[in-house]
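Chain residues, written in single-letter form:
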Amino acid sequence: VAHAVGFVVVSSCMLVFLFYFIRDLVVVVIGFYCVAAAAAMCAVLSPLLEGASRALRRGVVVPVINEPATVGQVAAGALSAALAGVWFFTRHHPYALALQDFMGMCLCVNIVSMVRFNNLRACAALLCMALCYDVFWVFISPLLFTSSVMIGVATGKGAPRNNSDDLTP
């Protein structure tokens, strides 16, 4: 339960920080999104590629980092990095939404595969706190801040103060 409380507290601090500085950090946040999505796509695609072809299961040593990997992992990594790069440079076009959705789905699959709960009580506590977190930051925060913190960060507009045309994914 303590981890669930910590998660909500850290998330709230980060949300307020982004509310005030999203305009200044939007490219950094988008860059982190691309790196995380590329890693998640690689984790999702490499087992698919290795399952599709036996040749992709062969082990190799990656020259740049001198680490062992399979051909499927290298191919998935290259494909993932390329897809993240394509999305980064075409993110303002309508067709980039499909790629953004795929990247988001890979992130979700990767997170769900990594997160484990030891008991139902911790899971229920996190779920209840996440509900309170959402309600507070969407509906109650406009009473304390200039506007809804959650909506300001989600739209990439943040606190009303300066002009930037770039928005977060």
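Below is a short write-up of the structure. This one's a predicted model, so the numbers in the text were calculated from it and none came from an experiment. (Residues numbered from 1 in each chain as written. Predicted model: local features only at pLDDT ≥ 70, side-chain atom pairs only at ≥ 80, totals over all residues. Heavy atoms only, no water.)

1. A few points about unusual backbone geometry
Okay, step 1: Backbone geometry at Asn 66 places phi at a positive 55°, although glycine is not the residue there.
Okay, step 2: With respect to the helices and strands, Asn 66 occurs in the loop between strand 1 (59-62) and strand 2 (67-70). (Helix = DSSP H or I, 4+ residues; strand = E, 2+ residues; numbered from the N terminus.)

2. A look at the pairing of strand 1
Okay, step 1: Relative to strand 2, strand 1 runs antiparallel, the two being bridged by four bridges. Paired with Gly 59 across the strands is Thr 70, a residue of strand 2.
Okay, step 2: Counted along the chain from strand 1 to the antiparallel partner strand 2, the turn is four residues long, and its residue Asn 66 has a positive phi close to 55°. (Pairing = 2+ DSSP bridges.)

3. Describing the layout of surface pockets
Okay, step 1: Taken as a whole, the largest pocket spans an internal volume of roughly 880 Å³.
Okay, step 2: Residue lining of the largest pocket: 23 residues in total, with Phe 7, Ser 11, Met 14, Leu 18 and Tyr 133 positioned closest to the centre.
Okay, step 3: The element contributing the most residues to the lining of the largest pocket is helix 1 (residues 2-52), with 10 residues.
Okay, step 4: Along the lines of polarity and charge, the residues of the lining of the largest pocket split into 20 nonpolar, three polar and no charged.
Okay, step 5: In this structure, the second largest pocket encloses a volume near 210 Å³.
Okay, step 6: Taken together, Val 1, His 3, Ala 4, Phe 7, Arg 116, Phe 117, Asn 118, Ala 122 and Leu 126 form the lining of the second largest pocket.
Okay, step 7: For the lining of the second largest pocket, the secondary structure elements donating two or more residues are helix 1 and helix 4 (120-144).
Okay, step 8: With three residues, the single largest contributor to the lining of the second largest pocket is helix 1.
Okay, step 9: Grouping the amino acids of the lining of the second largest pocket by side-chain chemistry returns six nonpolar, two polar and one charged. (1 Å grid on protein atoms, 1.4 Å probe; cavity = no way out; pocket = protein on both sides within 12 Å on 5 of 7 lines; lining within 4 Å. Points joined across faces, edges and corners; volume = space filled by probe spheres on them. Nonpolar A, V, L, I, M, F, W, Y, C, P; charged D, E, K, R; others polar.)

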